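Residue-level structure breakdown
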Amino acid sequence: MSKMLSYTKIENRLAQDYRQRVNTAESAEDVRNAFAWLLRDLLGGILETEVGLEEGDVRLAPETPDGFELGPGIMENPDFSGLWEGSDLGAILRRQAALAVNRLKHLSKHPERTEAKLYPRPDRR
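Everything quoted here is computed from the prediction, not taken from an experiment. (Residues numbered from 1 in each chain as written. Predicted model: local features only at pLDDT ≥ 70, side-chain atom pairs only at ≥ 80, totals over all residues. Heavy atoms only, no water.)

Turning next to the overall build of the protein chain. Tallying secondary structure elements over the protein chain gives six helices and two strands in all. The order of α-helices and β-strands along the protein chain, N terminus first, is α-α-β-β-α-α-α-α. Looking at the 125 residues of the protein chain, the share that counts as buried comes to 38%. Long-range contacts, defined here as pairs at least 24 residues apart, represent 63% of the contacts in the protein chain between residues at least 6 apart. By element, 48% of the accessible surface of the protein chain is carried by carbon and sulfur atoms, the whole surface being about 8,300 Å². (Helix = DSSP H or I, 4+ residues; strand = E, 2+ residues; numbered from the N terminus. Buried < 20%, exposed > 50% of the residue type's maximum accessible area, 1.4 Å probe, protein only. Contact = heavy atoms within 4.5 Å. Areas by Shrake-Rupley, 256 points an atom, 1.4 Å probe, with all protein chains shown as cover.)

To continue, consider the pattern of salt bridges. As enumerated under the stated definition, the model contains six salt bridges in all. The salt bridge involving E63 is made with R59; its shortest N-O contact spans 3.0 Å. Note on R59: relative accessible area 39%, which makes it partly exposed. Among the ionic pairs, E69 bridges to R59, the shortest N-O distance being 3.0 Å. Of the two residues, E69 is situated in strand β2 (residues 68-70) and R59 in strand β1 (residues 58-60); the sequence distance between them amounts to 10 residues. Residue class for E69 comes out partly exposed when judged on its relative accessible area of 34%. One network of salt bridges, with partners in common, ties together R59, E63 and E69. (Salt bridge = Lys/Arg side-chain N within 4 Å of Asp/Glu carboxyl O.)

Here we come to the packing of aromatic side chains. One pass over the structure, following the stated rule, counts three aromatic pairs. Geometrically, the ring pair formed by F68 and W84 is edge-to-face, given 6.3 Å between the ring centres and 80° between the ring planes. Of the two residues, F68 is situated in strand β2 and W84 in helix α4 (residues 78-85); the sequence distance between them amounts to 16 residues. Its relative accessible area of 5% is what places F68 among the buried residues. The structure contains a cluster of three or more aromatic residues connected by ring pairs, namely F35, F68, F80 and W84. It is R21 that lies over the ring of W37; its NZ or CZ is 4.0 Å from the centre. (Phe/Tyr/Trp six-rings, centres within 6.5 Å; stacked < 30°, edge-to-face > 60°. Lys NZ or Arg CZ within 6 Å of the ring centre and 35° of its normal.)

Right, let's talk about helix α2 (residues 28-47) for a bit. Taking 1.5 Å per residue as the helical rise, α2 with its 20 residues ought to reach 28 Å, and the 29 Å between its terminal C-alpha atoms agrees with that figure. Among all positions of α2, only V31, A34, F35, W37, L38, L39, L42, L43, G44 and I46 are buried. Those residues of α2 hidden inside the fold are in contact with α1 (8-23), β1, β2, α3 (72-75), α4 and α5 (89-109). Directly after α2, the chain includes E48, whose backbone phi takes a positive value near 55°. (Expected span 1.5 Å × (residues − 1).)

This paragraph deals with the confidence of the model for the protein chain. In this model, the protein chain carries an average pLDDT of 86, and 86% of its residues clear a pLDDT of 70 or more. When the elements of the protein chain are averaged for pLDDT, helix α6 (residues 111-118) gives the smallest value, 63, and α1 the largest, 95. (pLDDT = per-residue confidence, 0-100.)

This is how it looks when you write it as structure tokens:
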């Protein structure tokens, strides 16, 4: 049986700020940015170095069972693929993606509220 690494301590350290970013997101783009921020900081905490993500490395995908998709660029990185296979990183991202997907669903149900917050009109209360 192979040894499985756990990064839940890092997840717990980032979780409160992430939840706040997701819960106060006013648009779907804010939610997507919060999820990308989480992955970047999670990897930074694991690798103990600054991590930069490229466009398309991660995307929220409510239509998938995991709630997110990782791009080919990040999956082909040998450092990342080693982390992915031998740790609970996938489970952490699935848990956090579920929160983001729920927020996306909420925002899509009430687009008029989102627009009212982003583009207030003086004649509207």
